[in-house]
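Each chain, written out:
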Amino acid sequence: MSNTSSLCDLSAVAMRAEIAAGHLSARDVTAAHLARIDACNPHVNAVVTLDAEGALAHAALADERQANGHPLGLLHGLPIVHKDSFLTAGMRTTYGSPLYRDFVPERDSLIVTRERAAGAITLGKSNLPEFGAGSQTFNTVFGATRNPYDLRMTAGGSSGGAAAALAARMVPLADGTDMGGSLRNPASFCNVVGLRPSPGRVPQWPTASPYNALTVAGPMARTVADVALLLAATAGPDARDPLAIEQDPARFLDSLSRDFKGVRIAYAPDWGGLPVQRAVRQVLERQLPVFTDLGARVEPACPDFTGANDAFHALRGQVFAVGYEAALREHRHQLKDTVIWNIELGLTQSPAAVLQAERDRAALFARMHAFMQTHEFLIGPVSQVLPFPVEEETVSRIEDTSMQNYIDWMRSGYYLSLTGHPAISVPCGFTDEGLPVGIQIVGRYRQEHALLQLAHAFELATQHWRRTPVLPD
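Residues numbered from 1 in each chain as written. Predicted model: local features only at pLDDT ≥ 70, side-chain atom pairs only at ≥ 80, totals over all residues. Heavy atoms only, no water.

### Digging into the pattern of salt bridges
It is possible for side chains of opposite charge to pair when their charged atoms get near one another. What counts here: Any Lys or Arg side-chain nitrogen found within 4 Å of a carboxyl oxygen on Asp or Glu counts as a salt bridge. Only DSSP runs of H or I covering at least 4 residues are called helices, and only runs of E covering at least 2 are called strands; the numbering of each starts at the N terminus. Burial classes: relative accessible area under 20% of the type maximum marks a residue as buried, over 50% as exposed, and values in between as partly exposed (1.4 Å probe, protein chains only).
Throughout the structure, instances matching the rule amount to 20 salt bridges. Residue E358 pairs with R361 through a salt bridge whose shortest N-O separation is 3.2 Å. In this pair, E358 and R361 are both assigned in helix α12 (residues 351-374), three residues apart and thus about one turn of the helix distant. You can call E358 partly exposed: its relative accessible area is 36%.

In structure tokens, the structure reads:
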């Protein structure tokens with residue numbers, strides 16, 4: 001098992017190099033990760049549908065292609081799990097909902113098509129909350145996903161299964177989505193890297209809301225370079241997504257090294273007055289000197305997020321109503337109350353609320369754009385809280401502040417979603433009790449490569465990603 005463990009500890013980039021050099025086969029890598037899932041998943045419940053036979057068959061084909069001298073894809077031989085909201089042809093896709101418990105689609109989501117075309121080996125599907133709603137991964141179909149660093153705690157969400165699978169070394173790569181923090185929050189809770197790209201960077205198809213710029217698809221992994229690799233394989237234009245960015249994704253394979261001397265970074269410890277747990281702030285503040293050591297100038301500053309909260313709720317409600325009105329009408333009794341609340345908000349809110357949300361979003365974008373001319377990067381907490389007990393469906397209070405609804409504690413995520421700027425969660429350290437905390441780094445509009453460079457420099461200096469969770473045998 002020790003050989004399997006050490007293989008599974010490799011970064012995706014290192015694994016891919018070993019396969020290309022002929023030191024490892026895709027079958028070796030796939031078998032090792034399947035063994036790891038067999039050992040760890042019963043404790044964590046991150047992978048909810050597994051296709052071991054299919055994965056080994058695809059790995060054998062990958063080895064055959066390599067032996068025959070075919071060019072290797074970017075993700076050749078690398079195991080991956082897909083969030084259970086992405087369609088996978090011939091493999092169950094449940095959205096974490098009893099309505100789709102036995103749904104087997106006939107086609108793949110575009111991101112899955114691209115990952116497979118790049119040579120990734122699908123192992124299965126990762127857990128999520130019902131319809132991806134909320135940053136706590138539990139549902140009535142599969143139950144809750146636990147945090148590999150402390151099995152009593154949640155892995156976060158909504159891409160919680162993805163983050164937990166990565167942390168537990170069950171896979172080197174995973175995909176996810178992010179509307180209000182769903183790639184960043186679980187990455188922070190599980191000591192992995194989650195990138196929320198710009199809307200349209202990773203095209204989405206099929207989707208009920210192709211003009212929805214709040215929800216994005218994106219990569220997760222244990223290192224920034226691995227995330228860049230997965231982004232390179234999944235980004236790039238597609239005519240079926242009207243928001244798709246026309247830019248060559250190969251740019252994300254460019255060097256992540258850069259000199260940050262004199263670069264101005266704004267530090268927003270509470271995103272303009274949000275309640276933040278003391279322990280979260282303490283972990284972040286211990287790491288601030290890293291940016292100074294890189295030569296950057298760190299200055300306390302924060303954009304003005306006036307109107308962001310109400311705007312996000314109004315626009316989120318609209319997206320839920322577009323996607324799930326029929327489910328509410330026909331299967332209300334099978335939906336969780338928070339999903340019902342979100343759909344009904346979208347159906348019953350006044351036209352004035354939607355108009356104001358659009359005005360506030362426009363004003364916020366203009367303020368954010370101006371702010372980011374002065375500061376190239378913005379840093380602060382990913383999540384306002386530490387990982388919390390898995391039995392608690394949401395956070396009811398932070399320090400002395402009561403939360404008003406099930407996502408109120410995620411403002412540190414969804415304020416940034418609203419601006420459209422790319423944001424990444426990178427491991428930042430651990431509390432005295434051993435709970436992971438991520439730092440959120442925000443880049444200029446559509447400047448993912450520069451964002452990945454700063455995240456990579458921080459990761460190199462700190463190496464928190466190397467701390468492996470200790471799971472029962």
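Back to the text.
### Things to note about the sheet that holds strand β7 (residues 193-196)
Keep this limit in mind: Here, strands pair whenever DSSP counts at least two bridges between them. Here, axes are lines fitted to C-alpha atoms. For helices the fit covers the stretch in contact, and angles between N-to-C directions go from 0 to 180 degrees. By definition, residues are in contact when any of their heavy atoms lie within 4.5 Å.
The eleven strands are arranged β1-β3-β2-β6-β8-β7-β14-β15-β11-β9-β10 in an open sheet whose pairing can be described as mixed. Both outer strands of the open sheet, β1 (47-50) and β10 (297-300), are each paired with one neighbouring strand and no more. For this sheet the average axis-to-axis angle between neighbouring strands, irrespective of direction, equals 30°. Pairing analysis gives three bridges linking β1 to strand β3 (residues 121-126), with the strands arranged antiparallel. Bridged to L50 within β3 is G124. Packed onto the sheet, helix α5 (residues 110-117) meets β2 (79-83), β3, β6 (173-178) and β8 (216-221) and runs at close to 175° relative to β2. Where helix α13 (residues 411-419) meets the sheet, it contacts β6, β7, β11 (377-381) and β15 (436-442), and its direction lies at approximately 20° from that of β15.

### Re unusual backbone geometry
The omega torsion of the bond from G157 to S158 falls at 5°, within 30 degrees of zero and hence cis. In this structure, S158 sits in the loop between β5 (150-154) and α6 (160-167). For the bond from W205 to P206, the omega torsion is -10°, close enough to zero to count as cis. Looking at where P206 falls in the secondary structure, it is placed in the loop between β7 and β8. Backbone geometry places R169, a non-glycine residue, at a positive phi of 65°. Here R169 is to be found in the loop between α6 and β6. By relative accessible area, R169 is classed as buried at 2%. The residue W271 is not glycine, and still its phi comes out positive at about 55°. Checked against the element boundaries, W271 lands in the loop between β9 (264-267) and α9 (278-293). The exposure class assigned to W271 is buried, which follows from its relative accessible area of 1%.

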